[in-house]
Amino acid sequence: MTRVLVAGGAGYIGSHACKALARAGFMPVTLDSLINGHEQAVRWGPLVKGDLGDRALLGRLLTEEKIEAVMHFAAYLYVGESVEQPAKYYANNVTNTLGLLDAMRDAGISSIVFSSSAATYGTPERNPIPEDHPQLPINPYGETKLAVERALKWYGGAYGIRWAALRYFNAAGADPDGETGEAHDPETHLVPLVLEAGMGKRPPVKLFGTDYPTPDGTAVRDYVHVSDLADAHVLALKRLMAGGESLAANLGTGDGYSVRQILDEAGRALGSPIPHENAPRRAGDPAELVADPSLAMRELGWKPTRSDLPTILKTALAWHRR
Ligand code: NAD
Ligand code: UFG
């Protein structure tokens, strides 16, 4: 069985990827410090509790665990915090990732799927956004993701590492079987905040900005189901392991929904309206971020099958009710 190191496999997207890997016949070996992850989310293979920055551990792990490929989710991901503490973000998201690439080179491992982000585009000039759109991040978080994309390109050329940088738009939803789901702490993402407000577990949702140049004045995003993201990772890994070319690809649906549309759909799922109040715009939020996902569909054969809003909200709600 091919053994795949999943850095950050105890987190939200990484745990769904472990499940998809196991289903596809791979053995996911999670490396996670549990700084933001959850031990109980590691269900489809072993957990090695440790830090990505521990080079000695990484070197041992890659060889002793007979790792043949890597999926890399481990990072910090709060945009606001990245503005306050850029050093924390550069150290974990960039320095530790370069250490991982060095360890892969030393161990002769040549395939890596990397979690990039729509945040690398900054405020887009147009939507939907194709991969060749200028990448001009507007916060340190997006900068760190772009820095790794660039490093992958150069490391790829020099050391024969093949890579897929998958630029997620808004990950949402939960495993349809209820085996894992979203559990960030603190939670800042819209979908869990909306559902928990609707369930009376949180205060009313603040609509960050109601004066955007969008049809209803609230910001538009491209929500993609986390299990669809996981599938794309497996497809990308198979491509790389078969000797396919490196690529950067958007993972989104091509359909944008406003914050109000999310509230309306969540209200339908819960059977009662979501308590909310208007609030000022959140710094750094673009009005609209919608993917052109055609490259992932063409090159990876990826087809999102659960990323319609009702399925995203139904699976997320089932998870949050547990
Ligand atoms: P998450 O916080 O749930 O998962 C990240 C995991 O990495 C956690 O389990 C954490 O403990 C672990 N980790 C972090 N630093 C580590 C280190 N130095 N050593 C070992 N483990 C470490 O986040 P997520 O939402 O699953 O995001 C996964 C990846 O996807 C991140 O790289 C993030 O930047 C990227 N991403 C997420 C979204 C989103 O909407 N959630 C969108 C775009 C990109
Ligand atoms: N929003 C609210 N109220 C809230 C939370 C969010 O109105 O309480 C709005 C935001 O302003 C935004 C939308 O809901 O318009 C979605 O916000 P999220 O925080 O859920 O997600 P983001 O679009 O800010 O962030 C996502 C990923 C990041 C990535 C970014 C790309 O989670 O990792 O897309 O810019 F960096």
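Time to look at the side chain of Asn93. Relative to the helices and strands, Asn93 resides in helix H4 (residues 86-107). Polar contacts involving the side chain of Asn93 include one to the side chain of Thr144, which spans 3.2 Å. Excluding residues that lie within four positions of it along the chain, Asn93 makes contacts with Ala75, Tyr76, Tyr141, Thr144 and Val148.

A separate point is the environment of Asp51. Relative to the helices and strands, Asp51 resides in the loop between strand S3 (47-49) and helix H2 (55-64). Once the C-alpha coordinates of Asp51 and Gly8 are considered, the two residues, 43 residues apart in sequence, prove to be 9.6 Å apart. Engagement of the side chain of Asp51 in a polar contact is seen with the backbone nitrogen of Gly53, the distance being 2.7 Å.

Moving on, we get to the environment of Glu265. For Glu265, the location among the structural elements is in helix H8 (residues 259-270). C-alpha of Glu265 to C-alpha of Ala174: the two residues are 91 residues apart in sequence and 16 Å apart in space. Leaving out residues up to four positions away in the same chain, Glu265 has contacts with Leu309, Pro310 and Leu313. Here the side chain of Glu265 touches Arg268 through a polar contact of 3.1 Å, side chain to side chain.

In this section: the packing of aromatic side chains. Summed over all chains, the structure comprises three aromatic pairs. Judged by centre distance (6.3 Å) and plane angle (35 degrees), the rings of Tyr121 and Phe169 are tilted. Here Tyr121 is found in the loop between strand S5 (111-117) and helix H5 (140-159), whereas its partner Phe169 is found in the loop between strand S6 (162-168) and strand S7 (170-172), with 48 residues between them in sequence. Each member of the pair, Tyr121 as well as Phe169, carries the same accessibility label: buried. Ring centres of Tyr155 and Tyr159 lie 5.2 Å apart, and the angle between their planes is 80 degrees; this geometry places the pair in the edge-to-face category. Taken together, the residues Tyr155 and Tyr159, both in helix H5 and four residues apart, mark about one turn of the helix. Judged by its relative accessible area of 17%, Tyr155 falls in the buried class. Sitting over the ring of Tyr76, Lys88 keeps its end group 4.5 Å from the ring centre. When the ring centre of Tyr159 is taken as origin, the NZ or CZ atom of Arg105, which lies over that ring, is 4.8 Å away.

This next bit is on the site of ligand 1. Neighbouring residues of ligand 1: 30 residues in total, closest Ile13, Asp32, Asn92, Tyr141 and Lys145. Ile35 has a polar backbone atom sitting 3.3 Å from an oxygen atom of ligand 1. Between Tyr141 and ligand 1, the recorded distance is 2.6 Å, taken from a side-chain N or O atom to an oxygen atom. Look at ligand 1: alone it shows 820 Å² of surface, and the protein chains cover 97% of it. Looking at the shell around ligand 1, the elements with two or more residues in it are helix H1 (12-23), H4, S5 and H5. Looking at the shell around ligand 1 element by element, the count peaks at three residues for S5. Within the shell around ligand 1, the residues separate by chemical class into 14 nonpolar, 13 polar and three charged.

Moving on, we come to the domain arrangement of the protein chain. It is common to give the size of an interface as the accessible area lost on bringing the parts into contact. Per the domain assignment, the segments making up the protein chain are domain 1 (3-172 + 223-251) and domain 2 (190-221 + 254-321). Between the C-alpha centres of domain 1 and domain 2 there is a distance of 24 Å. Taken together, the contact pairs 28 residues of domain 1 with 28 residues of domain 2. Counting each side, the surface lost to burial between domain 1 and domain 2 is near 2400 Å², with a carbon and sulfur contribution of 63%. Here domain 1 is connected to domain 2 by three salt bridges. When the shortest N-O distance is used, the salt bridge between Arg306 and Asp231 registers 2.9 Å. Viewed at the interface, domain 2 and domain 1 are joined by 14 residue pairs in polar contact (both at pLDDT 80 or more). Those elements that place two or more of their residues in the side of domain 1 that touches domain 2 are S7, strand S10 (223-225), helix H7 (226-241) and strand S11 (247-251). In terms of residues, the side of domain 1 that touches domain 2 owes the most to one element, H7, which gives seven residues. Considered class by class, the residues forming the side of domain 1 that touches domain 2 number 17 nonpolar, seven polar and four charged.

So, on to the sheet that holds S11. Spatially, the seven strands line up as an open sheet ordered S3-S2-S1-S4-S5-S6-S11, and their pairing is parallel. Two strands in the sheet have a free side with no partner beyond their single neighbour: S3 and S11. Along the sheet, successive strands turn relative to each other by an average axial angle of 20 degrees, direction set aside. With three bridges connecting them, strand S2 (residues 27-32) and S3 associate as parallel partners. Looking at the pairing, Leu31 lines up with Val48 of S3.

How each quantity is defined
- Residues numbered from 1 in each chain as written.
- Chains lettered and ligands numbered in written order.
- Predicted model: local features only at pLDDT ≥ 70, side-chain atom pairs only at ≥ 80, totals over all residues.
- Heavy atoms only, no water.
- Helix = DSSP H or I, 4+ residues; strand = E, 2+ residues; numbered from the N terminus.
- Polar contact = N/O pair within 3.5 Å; in protein donor to acceptor, adjacent residues only side chain to side chain.
- Contact = heavy atoms within 4.5 Å.
- Phe/Tyr/Trp six-rings, centres within 6.5 Å; stacked < 30°, edge-to-face > 60°.
- Buried < 20%, exposed > 50% of the residue type's maximum accessible area, 1.4 Å probe, protein only.
- Lys NZ or Arg CZ within 6 Å of the ring centre and 35° of its normal.
- Near = heavy atom within 4 Å.
- Areas by Shrake-Rupley, 256 points an atom, 1.4 Å probe, with all protein chains shown as cover.
- Nonpolar A, V, L, I, M, F, W, Y, C, P; charged D, E, K, R; others polar.
- Domains from an automatic or database assignment.
- Buried area = accessible area lost by both parts, 1.4 Å probe.
- Salt bridge = Lys/Arg side-chain N within 4 Å of Asp/Glu carboxyl O.
- Pairing = 2+ DSSP bridges.
- Axes fitted to C-alpha atoms, helices over the stretch in contact; angles between N-to-C directions.

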